[in-house]
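Chain residues, written in single-letter form:
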Amino acid sequence: MARVAGVSDGTVSNTLNRPHLVNAETRERVQRAMEAVGYVPNGAARALRVGRSRTIGLVVLDFGNPFFAEVAAGAEQTATEAGADVALFNTGIGMQERESRLLHRLAERRLDGLIITPNDVDDPLLAVIEERGTPVVVLAREVPTRRRSAVRSDDVLGGELAARHLLDNGHRHLAYAGWRHDERYIGAVHAAGAAGARLTWIGTASDGFADGLAAGERLTALAPGDRPSAVFCANDLIATGLVQTVTHRGMRIPEDLAVVGFDDTDLASAACAVELTSVHQPAAEIGRAAVRLVLDEMNNPGSQAQDIVFAPELVVRESTTVTAAR
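For every chain, the first residue of its written sequence is number 1, and the numbers climb from 1 along that sequence. Owing to the predicted nature of the model, reporting of local features is limited to residues with pLDDT of at least 70; listing and counting of side-chain atom pairs is limited to 80 or more, with chain, interface and lining totals taken over all residues. Hydrogen atoms and water are omitted, and side-chain values are computed over all heavy atoms in the structure.

### Focus on the overall build of the protein
For step 1, the next point in the chain: Only DSSP runs of H or I covering at least 4 residues are called helices, and only runs of E covering at least 2 are called strands; the numbering of each starts at the N terminus. Helix and strand counts for the protein come out as 13 helices and 12 strands.
For step 2, the next point in the chain: Note on classification: 1.4 Å probe, protein chains only; a residue is buried when its accessible area is under 20% of the maximum for its type, exposed when over 50%, partly exposed between these limits. Taken across its 326 residues, the protein has 51% of its residues classed as buried.
For step 3, the next point in the chain: In the protein, 70% of the contacts between residues at least 6 apart in sequence involve partners at least 24 apart.
For step 4, the next point in the chain: Just so you have it, the protein exposes about 14,500 Å², and 50% of that area is on carbon and sulfur atoms. Only heavy atoms enter the contact rule, under which two residues are in contact if any of them lie within 4.5 Å. For the area figures, the Shrake-Rupley method with a 1.4 Å probe applies, and any residue is considered shielded solely by the protein chains shown.

Quick look at the structure:
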């Protein structure tokens, strides 16, 4: 094949095993030669030769959430450019036992790296995987001790942006609809507290569309005098479900209830009864950054952990507007 491509055997080897060392024109020439001779690389054998599987595991809570789907797309793009593959795994919010079983299996595999949104950032199995030589990068979570790298959006700031927007529009009683008191909730608490406004938590079991439907039922069941005039949802899925319920109950968005989502996925602009105001975080770039961190730690074992934080931005749409205080 090297003769057909007009390159050395070493260049062919680098194209297969270390493509980042070969310029694009030469890689294309080698790939054309592979097609001409019908060569199919034996990935398993190559992994044994170089001591790597050329696979990065990506473990998230829910691929049904469009945010994680966009993260995966960005991760796969960067991994492909580096000649690696991404293996996708789904755990679930609160599914600690399921996550532990998965981490046990992954600890036995020859992965180049692991990117994970864990239920517990202190899970000891993550340390076991690192001890076996696999870099671990935490996704969409803060690692307080900075003992391992993380890529995330500033969720506290995002929560503040959402709440401030509603407060600036005259609302004095806000609600937060989400599955836990997370950083987004904390940001909303900060903003509401600074403004002397009321914030009610509407808890959900998870972070899906059905949870938004249920949150809408709880909100509309409140007596009019106790009902918030605006709600900030932990993500766009919850916001979309909530909007569907409250509109079916005769409430108007935003006249009777202003709604803000989080993530700014396609749901926010296209799949809701009204276009959602949402807090944008660059999902694809977060995925790309996570893969770059894994590749850097693969090439520089023992390097210092990094914490990459993206600044969120508020995208204002039809679901919020200036209203009289209530």
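### Regarding the sheet that holds strand 2 (residues 85-90)
For step 1, the next point in the chain: Spatial strand order, 2-1-3-4-5-11: 6 strands in an open sheet with parallel pairing. Each having just a single partner strand, strand 2 and strand 11 (307-310) make up the two edges of the open sheet. The mean angle between the axes of side-by-side strands here comes to 15°, regardless of whether they run parallel or antiparallel.
For step 2, the next point in the chain: Being paired, for any two strands, means DSSP has found at least two bridges between them. Direction of pairing for strand 3 (residues 113-116) relative to strand 4 (residues 136-139): parallel, over a ladder of 3 bridges. Across the sheet, the residue bridging to Ile116 is Val138, located in strand 4.
For step 3, the next point in the chain: Against the sheet, helix 13 (residues 283-299) contacts strand 1 (55-60), strand 3, strand 4, strand 5 (149-153) and strand 11, and its axis sits at roughly 170° relative to strand 5. Helix axes are fitted only over the stretch in contact, all axes being lines through C-alpha atoms; the angle between N-to-C directions runs from 0 to 180 degrees.

### A few points about the packing of aromatic side chains
Two aromatic rings, taken as a pair, are described by how far apart their centres are and by the angle between their planes.
For step 1, the next point in the chain: The criterion for an aromatic pair is that two Phe, Tyr or Trp rings (for Trp, the six-membered ring) have centres within 6.5 Å, with stacked assigned to planes under 30 degrees apart, edge-to-face to planes over 60 apart and tilted to the rest. What the rule picks out here adds up to 4 aromatic pairs.
For step 2, the next point in the chain: Plain terms: the ring middles of Tyr176 and Phe232 are 5.4 Å apart, the flat faces sit at 65° to each other, and that makes the pair edge-to-face. One end of the pair, Tyr176, is in strand 6 (residues 173-178); the other, Phe232, is in strand 8 (residues 230-233), and 56 residues separate them in sequence.
For step 3, the next point in the chain: Assessed through its relative accessible area of 0%, Tyr176 is described here as buried.
For step 4, the next point in the chain: Of the aromatic side chains, those joined through ring pairs into one cluster are Tyr176, Tyr185, Phe232 and Phe262.
For step 5, the next point in the chain: Cation over ring: Arg184 sits above Phe262, and NZ or CZ is 3.8 Å from the ring centre. Our definition puts a charge over a ring when NZ of Lys or CZ of Arg is within 6 Å of the ring centre and also within 35 degrees of the ring normal.

### A word on the packing of helix 5 (residues 66-81) against helix 13
For step 1, the next point in the chain: Closest axis-to-axis distance for the helix 5/helix 13 pair is 7 Å, and the angle between their directions is 45°. The orientation of helix 5 with respect to helix 13, classified from their angle, is oblique. The two elements helix 5 and helix 13 cross, and the hand of that crossing is right-handed. Along its contact with helix 5, which presents Phe67, Glu70, Val71, Gly74, Ala75, Gln77, Thr78 and Ala79, the element helix 13 presents Ala283, Ala284, Ile286, Gly287, Arg288, Val291 and Arg292.
For step 2, the next point in the chain: Tallied by class, residues from the contact of helix 5 with helix 13 come to 8 nonpolar, 4 polar and 3 charged. Each angle gets one of four labels, with under 35 degrees taken as roughly parallel, over 145 as roughly antiparallel, 65 to 115 as roughly perpendicular, and the rest as oblique. Here a crossing is taken to be left-handed if its near helix is turned anticlockwise relative to the far helix by less than a right angle, and right-handed if that turn runs clockwise. Residues were grouped as follows: Ala, Val, Leu, Ile, Met, Phe, Trp, Tyr, Cys and Pro as nonpolar; Asp, Glu, Lys and Arg as charged; and all remaining residues, including Gly, as polar.

### A look at the nonpolar core
For step 1, the next point in the chain: With 66 residues, the main nonpolar core has Ile115, Leu139, Val231, Leu242, Leu257 and Val259 as its most contacted residues.
For step 2, the next point in the chain: With 9 residues, helix 13 is the single largest residue contributor to this core.
For step 3, the next point in the chain: By nonpolar core we mean a set of buried residues, namely Ala, Val, Leu, Ile, Met, Phe, Trp, Tyr and Cys, connected to one another through side-chain atoms within 4.5 Å. Counting residues in hydrophobic clusters, the runner-up holds 14 residues, among them Val59, Ala107, Leu114 and Ile116.

### Thoughts on helix 6 (residues 96-107)
For step 1, the next point in the chain: In a helix, the anticipated span is given by 1.5 Å times the number of residues less one. Between the first and last C-alpha of helix 6 there are 16 Å, a value that for 12 residues agrees with the 16 Å anticipated at 1.5 Å per step.
For step 2, the next point in the chain: Tucked inside the fold, the buried residues of helix 6 contact strand 1, strand 2, strand 3 and helix 7 (124-131).

### With respect to the confidence of the model for the protein
For step 1, the next point in the chain: On average, residues of the protein score 86 in pLDDT, and 86% of them reach the 70 mark or higher.
For step 2, the next point in the chain: Each residue carries a pLDDT score, the predictor's confidence in it, ranging from 0 to 100. Low confidence marks residues 42-51, where pLDDT is under 50. Its contacts with residues over four positions away, or in another chain, come to 9 contacts.

### Some points on helix 5
For step 1, the next point in the chain: An ideal rise of 1.5 Å per residue puts 22 Å on 16 residues; helix 5 measures up with 23 Å between its terminal C-alpha atoms.
For step 2, the next point in the chain: Within the span of helix 5, buried status applies to Phe67, Phe68, Val71, Ala72, Gly74, Ala75, Thr78 and Ala79. Axial view of helix 5: buried residues confined to an arc of 165°, hence all on one face. Opposite its buried face, helix 5 presents the exposed residues Thr80 and Glu81, each directed more than 90 degrees away. Starting at the helix axis, one direction is taken to each C-beta atom, and the arc is that of these directions.

### Here's the deal with the sheet that holds strand 7 (residues 198-203)
For step 1, the next point in the chain: One open sheet holds the 6 strands; their spatial order is 7-6-8-9-10-12, and the pairing between them is mixed. The sheet terminates laterally at strand 7 and strand 12 (313-315), the two strands that pair on one side only. Adjacent strand axes in the sheet meet at a mean angle of 20°, parallel and antiparallel pairs treated alike.
For step 2, the next point in the chain: Across 4 bridges, the pairing between strand 9 (residues 258-263) and strand 10 (residues 277-280) is parallel. Following the sheet pairing, Asp263 is matched in strand 10 by His280.
For step 3, the next point in the chain: The strands touched by helix 10 (residues 209-221) within the sheet are strand 6, strand 7 and strand 8, with strand 7 carrying the most contacts at an inclination of about 130°.

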